[in-house]
Every structure is written in structure tokens, then in C-alpha cells.
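Given next are the chains, with one letter for each unit.
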Amino acid sequence: MDLVAVLEDHGIPVVDQRVPGIPKAFHPVGVMAHHTASPLGSGDIPSLNIVKHGRPDLSGPLSQLLLGRSGAVVAVSDGHCHHAGGGTQAAWDAYHNGQEPQRAVNPRNGVNGNYWFVGIEAENNGVGEPWPAHQYKMYVTVSAAFCHEFDWDPTVAVLGHSEWRPDKIDPAGFSMHQFRQDVSAHPFLTPTLERPPMLLIIRPGGTLYVVYDGGVMDHAGNNINAYAGAAVYQADAEGWNRYVDQNYRARHLMNKDLPADLKVNAKWPALIGG
Ligand SMILES: [Zn+2]
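All values reported here derive from a predicted model rather than from experimental measurement.

Criteria and cut-off values
Residues numbered from 1 in each chain as written. Predicted model: local features only at pLDDT ≥ 70, side-chain atom pairs only at ≥ 80, totals over all residues. Helix = DSSP H or I, 4+ residues; strand = E, 2+ residues; numbered from the N terminus. Buried ≥ 20, exposed ≤ 12 C-beta atoms within 10 Å, placed from the backbone. Contact = placed C-beta atoms within 7 Å. Pairing = 2+ DSSP bridges. Core = buried A, V, L, I, M, F, W, Y, C linked by C-beta atoms within 7 Å. Axes fitted to C-alpha atoms, helices over the stretch in contact; angles between N-to-C directions. Parallel < 35°, antiparallel > 145°, perpendicular 65-115°, else oblique. Left-handed = near helix turned anticlockwise from the far one by under 90°. Arc of directions from axis to C-beta.

(A) Local environment of the overall build of the protein chain. Helix and strand counts for the protein chain come out as seven helices and 13 strands. Counting every position in the protein chain, which comprises 274 residues, the buried fraction comes to 41%. Put simply, 67% of the contacts in the protein chain that link residues at least 6 apart link residues at least 24 apart.

Below is the structure:
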């Protein structure tokens, strides 16, 4: 996983402080939210050194990402980090059953979440410090970016540490249910596929790219300015048929010129080759 690429592709400024991960496997399936418990008034990202390098009782890095009180996003490590620990079997089962996470209760007998979740540590004292709106908003935005990038369901794959382990309270100070609702409502995750396409692009060889409201999508390595929604079709004997990514959402926000081998049309796909 390249954290900086994921964030930058979603237009999120990122401070690159990456260090190598712990030499264990990391196959993320979701995002886990935390708070650092740094003291009130201790600054923007007072936990950076600890999150990067660990502490006497726990080797670092301690999470993949660190979110400052200012909303600054710091990439700490692309690899395995010590942030989640062993969770409950109930939490793991709920994930696999597509159920919304719940407050974890004993017994803590499940898998080690460090193999499975991107950890986001957010600076907050966890005992009543208000969450600044811009920090909370960035927490939501970063979570939405990862869900978008990896097609994770935000109602299932975004969980708090307290929903993984009964001995944790983080992140405290907001509702994880509301947080998931906010992530789900983020524009990254609300494609506008019901809208008519504004632009059709036909690549020589028979692939039709349909772009909805906002630019031009990317596919097959061509990253173009796009963000609202798109679909990909391919011609066969029956005409144009949707063949991949029915709910494809353009993944990149980069501003690039159209490739020279594309041409632009302005027809509804049903009218082409039908
Ligand atoms: Zn935690």
C-alpha cells in the first residue's frame, strides 16, 4: 500500500514521514479509528515521534496515519503497524457478515487486527477534548478516500478501536455510527451514475468510456481529471454492452490532458452501435 498515492489521488495534502513497517504481513480490509490521548494543548501532532518509533512497551510504527489537531495528515508507514491488537471474534465475524461494528465486549478471542486494518491515530486527549470541525472533517475524508480506493463498504469496514477490543475506548468524543454515516455520505462514495453522461470517449479497439458530470475518468492506466462517476463499456456482436465496473468510480483527481489516441463523442451509449 502506498499511503501517499492514495491520499494524493484524492486531493488530500499529506506530510510524508514514512518509516518501514513491522516485518509482518499487511492485507488491509478496512480503516480503524483511534485517538492518541495526547494532552490537551500539546500542539498539532505531538505524538509523531511515538507513532513513528514506538514506546518502551510497544515497538513502532504504531499506526499507518496520524491526523493532527489542525487536520494535517501524516503518512507514517505503508506497512504493518501496532495499532489494533487482538480483537473479538464477534467483531471479526460481524465484518465478514457485512454487519455494522458494535461496541466490543469480552471475550477478546479474535484475530490480530494489525494484519487487517489501516490505523488512523488522531490527536485528541480522549477525555473530553472537543474535536475541531476541520479535524473531524479530515478524519471522514481520509476514511472515505481509503474506502473509495479499495472498494470498502464504509458501514462495515470503518470501525473504532473500541469496536475491535473491549478494553479500548477510542476514539472517544464522537459516535462511530455517525462517523460511518458521514464517511458514507462523502462525495468520494456517492457516485452520480443516475445522471446522464456528459462525455463519451471511444478508445480504438472498442472500449467506450462514459463520464458523468465532472471530467474524464481513468482506466487502463490513463489518469485523467475525473471524480463524479463513470462506467466502461465494450463493443460486442450485440452492440455496446456494459462489461466492467458497473458502479465504476473514477479513482484519480489528477489533472492531465486527454491521451492523444482518444476521441470524444457526445452520444448516449445506447445509440452507438445499437
Ligand atoms: Zn487505539
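This is not the end of the story, as more comes after the structure.
(B) Representation of the pairing of strand β2 (residues 30-35). Across the six residues of β2, six count as buried, placing the element largely inside the fold. Burial along β2 is two-sided: Gly30, Met32 and His34 and Val31, Ala33 and His35, pointing in opposite directions, are all buried. In the sheet, β2 pairs with strand β8 (residues 158-160) via three bridges, with the strands oriented parallel. Looking across to β8, one finds that Val31 is bridged to Val158.

(C) Geometry of the nonpolar core. If you look at the biggest cluster of nonpolar residues, it comprises 45 residues, and the most contacted ones within it are Val31, Leu65, Leu67, Ile120, Tyr139 and Val142. Ranked by residues supplied to this core, first place goes to helix α4 (residues 133-150) with nine residues. Contacts of Val31, omitting those with residues within four sequence positions, involve Phe117, Val118, Ile120, Ser143, Phe146, Ala157 and Val158.

(D) Inspection of the packing of α4 against helix α7 (residues 176-184) at higher detail. Two elements in contact, α4 and α7, have axes separated by 9 Å at closest approach and are oriented at 60°. With respect to α7, the element α4 is oriented oblique. Between α4 and α7 the crossing geometry is right-handed. Contact residues: α4 offers Val140, Ser143, Ala144 and Cys147, while α7 offers Phe179, Asp182 and Val183.

(E) View of the pairing of strand β7 (residues 117-122). Among the six residues of β7, six are classified as buried, and the element is accordingly described as predominantly covered. Neither face of β7 is exposed, since Phe117, Gly119 and Glu121 on one face and Val118, Ile120 and Ala122 on the opposite face are all buried. Across six bridges, β2 lies against β7 in parallel orientation. Residue pairing across strands places Gly30 opposite Phe117, the latter belonging to β7. In the sheet, strand β5 (residues 65-67) pairs with β7 via three bridges, with the strands oriented parallel. Among the inter-strand pairings, Leu65 is bridged to a residue of β7, identified as Ile120.

(F) Looking closely at the environment of Asn114. Tracing the chain through its elements places Asn114 in the loop between α3 (89-96) and β7. By the C-beta count within 10 Å, which is 22 here, Asn114 ends up buried. Between the C-alpha atoms of Asn114 and Gly85, which are 29 residues apart in sequence, the distance is 5.9 Å. Among all residues touching Asn114, those that are not within four sequence positions of it are His80, Cys81, His82, His83, Ala84 and Gly85.

(G) Region of interest: the sheet that holds β5. Here six strands make up an open sheet; going across it, the order is β1-β6-β5-β7-β2-β8 and the pairing mixed. Whereas interior strands pair on both sides, the edge strands pair on one side only; in this sheet they are β1 (15-16) and β8. The strands touched by α7 within the sheet are β2 and β8, with β8 carrying the most contacts at an inclination of about 155°.

(H) Representation of α3 in the model. Three or more residues of α3 are buried, namely Ala90, Ala91 and Tyr95. Projected down its long axis, α3 carries its buried residues within an arc of 140°, all on one side. Every exposed residue of α3 that faces more than 90 degrees away from the buried side is listed here: Asp93 and His96. Buried residues belonging to α3 abut β2, α5 (154-157) and α6 (161-164). After α3 finishes, the residue Gly98 shows a positive phi value of roughly 70°.

Geometric descriptors of this kind do not, in isolation, establish any biological role.
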